[in-house]
Amino acid sequence: MNLCTGSIHIALQFTSSAPRPQFKNMPAKVLSKSTPPSCQKLYGRVVQSITPFMQLSRLDMLCGSMLVFWPTAWSLTMAARTEKLSLETYSIYLALSFIGSVVHHSVACVWNDIVDIELDRQVERTKKRPLARGAMGVSAALVYAVPQAAFCLGLLYLTNPTAFFVGSVGLFFLDTVYPYMKRITYWPQAWLGIAINWGALVSWTAVTSSDKIQPAVVLLAATWCWTMHYDTCYGAQDKKDDVKAGIKSTALLFKHNTHRVVAGFSASFLALLAYAGYLNGQGAAFFFISVIGCAFHLAWQLSRLNIDDSRSCFEIFSSNGNRLGYIVWLGCFVDYML
């Protein structure tokens with residue numbers, strides 16, 4: 001249980017609604033006045049050196065990592081209930097899933113930023129990313145990403161051949177192709193919905209000993225709708241810059257119908273989440289907390305959403321990784337414990 005609570009505690013710390021940490025101010029905050037000047041300079045150089053890599057991995061905002069982690073955690077918890085995993089075994093898998101999700105998200109972000117250097121320079125929100133602003137080169141980014149990708153493969157190797165194959169497809173195919181989608185279709189979020197939620201299949205195949213994979217497939221479809229909801233809101237932040245840069249997105253495709261379409265995806269997510277629970281024989285706790293609780297939260301999101309206000313769009317996007325994910329997981333976990 002310590003591993004489980006520890007991983008969730010870490011996630012809560014990084015994904016709270018508090019202001020994101022500013023790495024450039026770290027030396028002044030961490031070092032005391034009595035620290036020798038030479039140590040202060042050395043510390044400042046170290047922080048200055050690692051800051052671009054931290055930003056490249058989006059470690060200054062772990063919401064993205066949590067959006068990778070939650071489908072994996074939901075599926076794992078549902079599978080743990082079906083397979084009657086011990087709490088100790090479940091906790092270990094959950095902790096490894098969290099670590100793997102953070103590293104996996106980092107690799108995907110590095111690759112995305114390499115492919116999108118020129119596009120990022122044309123968008124206000126992304127022009128200060130490390131590669132776009134020239135704080136580091138592509139070769140350094142690749143050297144940074146390769147060991148992380150190897151680490152992800154190592155975690156997959158600890159599972160079983162099926163989970164290893166499924167995870168490798170996500171890491172080397174789905175993630176690799178995604179950045180190019182915004183150049184060729186107004187539905188890049190549709191591809192992202194598969195890639196970012198692929199962990200639902202990985203965690204399911206990692207712990208299940210049967211061929212009963214239907215709940216995980218339906219859960220993947222549910223999370224696809226969820227991604228269409230939150231990433232359309234996320235993309236709406238950059239509508240004006242995207243038009244100039246030639247970037248395609250569902251936010252541009254849906255135009256003035258965006259709010260209604262997003263509401264439709266939210267409703268579909270809830271329906272499919274409930275159906276996945278039904279197929280897996282989930283109990284009352286799942287339906288009351290995960291489904292009904294999630295419904296209330298999504299209603300709150302839709303009431304707050306102003307698709308033409310970038311701050312509102314980012315607030316709604318963040319609330320999915322920072323709040324909704326916990327609601328669904330809590331229902332799955334309580335049901336597993338009962």
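Residues numbered from 1 in each chain as written. Predicted model: local features only at pLDDT ≥ 70, side-chain atom pairs only at ≥ 80, totals over all residues. Heavy atoms only, no water.

Trainee: Honestly, the confidence of the model for the chain in this entry has me stumped. Any pointers?
Mentor: Interpretation of the predicted coordinates at a detailed level should be avoided for regions scoring low in pLDDT. Mean pLDDT over the chain works out to 89, with 87% of the residues at or above the 70 mark. For the stretch residues 1-29, pLDDT sits under 50, and the model shows 43 contacts to residues farther than four places along the chain or on other chains. (pLDDT = per-residue confidence, 0-100. Contact = heavy atoms within 4.5 Å.)

Trainee: Would you mind going over the nonpolar core with me for this structure?
Mentor: Nonpolar side chains in soluble globular proteins tend to end up buried together. Residues Trp70, Trp74, Tyr90, Trp226, Phe269, Leu324 and Trp329 are the most contacted members of the largest nonpolar core, which totals 65 residues. The element that contributes the greatest number of residues to this core is helix H4 (residues 63-83), accounting for 12 residues. In this structure, Phe269 is in contact with Trp74, Ala222, Thr223, Cys225, Trp226, Cys294, Leu298 and Leu324, ignoring residues within four places of it in sequence. Counting residues in hydrophobic clusters, the runner-up holds nine residues, among them Cys233, Leu302, Ile307 and Cys313. (Core = buried A, V, L, I, M, F, W, Y, C linked by side-chain atoms within 4.5 Å. Buried < 20%, exposed > 50% of the residue type's maximum accessible area, 1.4 Å probe, protein only. Helix = DSSP H or I, 4+ residues; strand = E, 2+ residues; numbered from the N terminus.)

Trainee: Explanation requested: the packing of helix H5 (residues 87-115) against helix H9 (residues 161-184) in the structure shown.
Mentor: Describing two packed helices takes the angle between their axes plus the distance from one axis to the other. Their axes nearest at 10 Å, the elements H5 and H9 cross at an angle of 40°. H5 and H9 meet at a crossing whose hand is right-handed. Side by side, H5 and H9 meet where His104, Val107, Ala108, Trp111, Asn112 and Val115 of the first sit next to Leu171, Asp175, Thr176, Tyr178, Pro179, Tyr180, Lys182 and Arg183 of the second. Looking at side-chain class alone, the contact of H5 with H9 contains eight nonpolar, three polar and three charged residues. (Axes fitted to C-alpha atoms, helices over the stretch in contact; angles between N-to-C directions. Left-handed = near helix turned anticlockwise from the far one by under 90°. Nonpolar A, V, L, I, M, F, W, Y, C, P; charged D, E, K, R; others polar.)

Trainee: Could you clarify how one ought to interpret unusual backbone geometry in this entry?
Mentor: Negative phi values dominate among residues other than glycine, just as trans dominates among peptide bonds. Its identity is not glycine, yet Lys84 carries a phi of approximately 55°, on the positive side. Positive phi, close to 50°, is recorded for Lys255, a residue that is not glycine. Within the secondary structure layout, Lys255 lies in the loop between helix H14 (250-254) and helix H15 (258-279).

Trainee: Looking at this model, I keep getting lost on the packing of H5 against helix H17 (residues 310-337). Mind explaining?
Mentor: In contact at an axis separation of 12 Å, H5 and H17 are set at 160° when each is read in the N-to-C sense. On the basis of their axis angle, the class for H5 and H17 is roughly antiparallel. In this structure, H5 crosses over H17, and the sense of that crossing is right-handed. Contacts between H5 and H17 involve Leu87, Tyr90 and Leu94 on the former and, on the latter, Trp329, Phe333, Tyr336 and Met337. A class-by-class count of the residues in the contact of H5 with H17 yields seven nonpolar, no polar and no charged. (Parallel < 35°, antiparallel > 145°, perpendicular 65-115°, else oblique.)

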